[in-house]
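Chain by chain, the residues run as shown.
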Amino acid sequence: MKLPFAEPYKSKTIEIIRTSSPAERERWIRDARYNLFNLPSDQVYIDLLTDSGTGALSDRQWAAMMTGDESYAGSRSFDQLRDTVEELTGFRYLLPTHQGRAAENVLFSTLIKAGDRIPGNAHFDTTKGHIEFRKAMAVDCTIAEASDPTCIHPFKGNVDLAKLRSELENHRDRIPFIIITATCNTAGGQPVSIRNIREVHGIAREFGKPMVIDAARFAENAWFIREREPAYSGRPMREIILEMFSYFDAMTFSAKKDAIVNIGGLLALRDADWYQKASVFNIMFEGYLTYGGQAGRDLAALAQGLRESTEPEYLEARIQQVAWLGQRMKEFGVPVLEPFGGHAIFVDALRALPLVSREQFPAQTLAIELYKEGGIRTAEIGTLMADRDPISGQNRYPALEMVRLAIPRRVYSQNHMDYVAVAAANVMERAEKITSGYNIVREAPILRHFTVELEPA
Ligand SMILES: *Cc1c(COP(=O)(O)O)cnc(C)c1O
């Protein structure tokens, strides 16, 4: 028999987690005002809320932390991180930040003014938040296939070139740059092909516009390129990654995803002038240029994490674990988004709970049911997250109403994945009895899903 592929690592320390009774969970979710963000983590058995900052560090990352240089200026750990980032991405200038959104804040402070329009592929929620906060607009130019949860397309994160071109033709003077998110979190963890990036780059050059990459999951995107884009089949990961970045002028980066650290972000730039402008805001918002809100040991772990996350053996295990969960759920009749994403499985809540009206948040309802069933915490990627239209104040109904099961890196076992799949199957079994959802009791004016309070409708 052919040997199956298994994880290229083993456990050295473990964390105890415990399950709970349905009655306890019923009470806890009510106390949390039906917002899963409000649950204390010890009321959660399997936490798939996010893959952000939840990965397991390696012994080498912990060892690297001991070598961290905590000098305020000129830290050796910074120099080593800058060299690693340059080697991997080709970007010469580096500003550490405390998170990915901080990198957005710093870069956008230099680039965006009120009335601007920022075309891209399904902007991440903090990216959109930082654009709208500046009274500018995020223009979604993702291909139409992305909003069809059953459509099989190898690169559902791709940009629709005709949409992008018409946006540039109609609003040329109000567009400071184009942003591409890889992989595309909001569209289901779907990748963007190099070919698409190259074509977007061609259009951008034609109109004289710079390109920014939101690169939180750059390694997973590069893995999909190697697997699905024939011209790159079997090519070394590092080569694919370098080419991918070569089309961009700047990168905003949340280190909490593919760099497998618990906190941190980066802003990397190709141009000295952009670097100098951004430096002013980095010092103001984040900290001095060589640490930007991170400890020297954080920078050391980040550099090591970047190396590990670009190893093909690691990426294969990572992507296969996510696909395993997706395949099991699919076999149980759970309507999952396909192809499976790189970091998460997405469930189509409109098909899973067809009797819950959109006004009552079917995706949030499904997430609550999964918690009640198995103590599993997931995230709503639907109407709650889409916020209200800033002008009309009405709920925005996105094309997809989804529950995201994000898989932390190197944390859970295959048994955990099987447990999750069965819990989802059990919820599906009683779906025809779930006829109503939730109403909002209180909400914040922006990024409301983090703090919203709900009651059963
Ligand atoms: C997480 C994420 C961000 C924001 O990063 P934080 O570190 O959470 O601030 C931006 N873009 C994408 C695609 C992300 O996944």
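Please read these numbers as outputs of a predicted model, since none were measured by experiment. (Residues numbered from 1 in each chain as written. Predicted model: local features only at pLDDT ≥ 70, side-chain atom pairs only at ≥ 80, totals over all residues. Heavy atoms only, no water.)

Caption draft 1: Quick peek at the domain arrangement of the chain. Split by domain assignment, the chain resolves into domain 1 (22–51 + 312–456) and domain 2 (59–309). Each of domain 1 and domain 2 was reduced to a C-alpha centroid, and the two centroids are 26 Å apart. With 32 residues of domain 1 in contact, the opposing surface of domain 2 contributes 34 residues. For the pair domain 1 and domain 2, the summed buried area comes to about 2600 Å², and 60% of that belongs to carbon and sulfur atoms. If you sort the residues of domain 1 by the area they bury against domain 2, Leu315, Pro339 and Arg409 come out on top, with a joint share of 21%. When the shortest N-O distance is used, the salt bridge between Glu308 and Arg410 registers 2.9 Å. (Domains from an automatic or database assignment. Contact = heavy atoms within 4.5 Å. Buried area = accessible area lost by both parts, 1.4 Å probe. Salt bridge = Lys/Arg side-chain N within 4 Å of Asp/Glu carboxyl O.)

Caption draft 2: A look at the sheet that holds strand S11 (residues 379–381). Taking strand neighbours across the sheet as the criterion, the three strands line up as S9-S12-S11 in an open arrangement whose pairing is antiparallel. The open sheet has two edge strands, strand S9 (344–348) and S11, and neither has a second partner. In this sheet, neighbouring strand axes are inclined to one another by 30 degrees on average, regardless of whether the strands run parallel or antiparallel. As paired elements, S9 and strand S12 (residues 402–406) share five bridges and run antiparallel to each other. When the sheet's bridge partners are listed, Phe346 is paired in S12 with Arg404. Packed on one face of the sheet, helix H12 (residues 312–331) meets S9 and S12 and runs near 25 degrees to S9. Running over the sheet, helix H14 (residues 362–374) touches S9, S11 and S12 and is turned about 45 degrees from S12. (Pairing = 2+ DSSP bridges. Helix = DSSP H or I, 4+ residues; strand = E, 2+ residues; numbered from the N terminus. Axes fitted to C-alpha atoms, helices over the stretch in contact; angles between N-to-C directions.)

Caption draft 3: View of the packing of aromatic side chains. Applying the stated criterion across every chain yields a total of 11 aromatic pairs. Each ring, one from Tyr72 and one from Tyr291, has its centre 5.1 Å from the other, and the planes form 70 degrees; the classification is edge-to-face. Residue Tyr72 is found in the loop between helix H2 (59–66) and helix H3 (76–89), and its partner Tyr291 is found in the loop between helix H10 (272–285) and helix H11 (296–309); the two are separated by 219 residues along the sequence. Ring geometry for Phe108 against Phe177: centres 5.6 Å apart, planes inclined by 35 degrees, an arrangement best described as tilted. One end of the pair, Phe108, is in helix H4 (residues 100–111); the other, Phe177, is in the loop between helix H6 (161–171) and strand S5 (178–181), with 69 residues separating them in the sequence. Overall, the relative accessible area of 0% leaves Phe177 in the buried class. The cationic tip of Arg92 hangs over the ring face of Tyr93; the distance from NZ or CZ to the ring centre is 5.9 Å. (Phe/Tyr/Trp six-rings, centres within 6.5 Å; stacked < 30°, edge-to-face > 60°. Buried < 20%, exposed > 50% of the residue type's maximum accessible area, 1.4 Å probe, protein only. Lys NZ or Arg CZ within 6 Å of the ring centre and 35° of its normal.)

Caption draft 4: Representation of unusual backbone geometry. Backbone torsion omega between Ala182 and Thr183 reads -10 degrees, so that peptide bond is classified as cis. Structurally, Thr183 is set in the loop between S5 and helix H7 (194–206). For the bond running from Glu338 to Pro339, omega is -5 degrees, close enough to zero to count as cis. Among the secondary structure elements, Pro339 is positioned in the loop between H12 and S9. Within the chain, Ala122 stands out as a residue other than glycine whose phi angle is a positive 40 degrees. When you line up the elements, Ala122 lands in the loop between strand S3 (117–120) and helix H5 (125–133). Exposure remark for Ala122: the relative accessible area of 10% places this residue in the buried category. Even without being a glycine, Arg410 presents a positive backbone phi close to 65 degrees.

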